[in-house]
Amino acid sequence: MSEKTLSIIKPDAVAKGVIGQIIDCFASNNLKIAALKMIHMSKREAQGFYAVHSERPFFDSLTDFMSSGPAVVMVLSGENAISKNRELMGATNPAEAAEGTLRKRFATDIEKNAVHGSDAPETAREEIVYFFPELEIVNF
Ligand code: CMP
């Protein structure tokens, strides 16, 4: 089933200069880019995006990090895009991520973990509309 999911190349990966390598990984795994832009989130925008984690001890540090520099936000489209993207990313903690995954290759630590991907269809819908109006999303 063709799905859409939200992907973020986080500020650590942008600073490392690996945007191209990450996009190449999506392209070579049949995930198409249906929308893409570079943004520098404010603290408030990062807090809004991660509102579900607002009670976690790492919330303040996470939202500082996510607003520390530019990030690339994308809508990825393809067969089972949500689970495929999560497979390509690997475990949240790069120390536990499988060899060859994006987090194993590019993450710094459990917080600065290079990429974000939606975890379920409902979350994907909510996360996509957080950044992209309908007009900015291509339908293949
Ligand atoms: P992400 O997949 O974007 O979802 C929530 C983010 O919170 C996660 O990636 C990490 O960047 C961060 N995160 C999750 N767990 C921890 C933790 N234990 N300590 C610090 N940051 C975390």
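Residues numbered from 1 in each chain as written. Predicted model: local features only at pLDDT ≥ 70, side-chain atom pairs only at ≥ 80, totals over all residues. Heavy atoms only, no water.

As for the sheet that holds strand 4 (residues 115-117)
- The sheet built from four strands is open, its strands ordered 2-3-1-4 with antiparallel pairing. For this open sheet the edge positions go to strand 2 (32-39) and strand 4, each flanked by a neighbour on one side alone. Taking each pair of neighbouring strands and ignoring which way they run, the sheet shows an average axis angle of 20 degrees.
- Across eight bridges, strand 1 (residues 2-9) lies against strand 3 (residues 71-79) in antiparallel orientation. For Ser2, the partnering residue across the bridge sits in strand 3 and is Glu79.
- Across the face of the sheet, helix 7 (residues 121-131) comes into contact with strand 1, strand 2, strand 3 and strand 4 while running at roughly 55 degrees to strand 1. (Pairing = 2+ DSSP bridges. Helix = DSSP H or I, 4+ residues; strand = E, 2+ residues; numbered from the N terminus. Axes fitted to C-alpha atoms, helices over the stretch in contact; angles between N-to-C directions. Contact = heavy atoms within 4.5 Å.)

Focus on helix 7
- Three or more residues of helix 7 are buried, namely Ala124, Glu127, Ile128 and Phe131. Angularly, the buried residues of helix 7 cover 100 degrees about the axis, an arc narrow enough to put them on a single face. In helix 7, the exposed residues that point more than 90 degrees away from the buried face are Arg125 and Val129.
- Buried residues in helix 7 make contact with strand 1, strand 2, helix 3 (43-49), strand 3, helix 5 (81-89) and strand 4. (Buried < 20%, exposed > 50% of the residue type's maximum accessible area, 1.4 Å probe, protein only. Arc of directions from axis to C-beta.)

Observations regarding the packing of aromatic side chains
- Within the structure shown, the criterion is met by four aromatic pairs.
- Ring centres 5.9 Å apart and planes at 50 degrees place the aromatic pair Phe49 and Tyr130 in the tilted group. One end of the pair, Phe49, is in helix 3; the other, Tyr130, is in helix 7, and 81 residues separate them in sequence.
- Owing to a relative accessible area of 36%, Tyr130 belongs among the partly exposed residues under this scheme.
- Grouped by ring-pair contacts, the aromatic residues Phe49, Tyr50, Tyr130 and Phe131 constitute a single cluster.
- Its end group placed over the ring of Phe140, Lys32 keeps NZ or CZ at 4.9 Å from the ring centre. (Phe/Tyr/Trp six-rings, centres within 6.5 Å; stacked < 30°, edge-to-face > 60°. Lys NZ or Arg CZ within 6 Å of the ring centre and 35° of its normal.)

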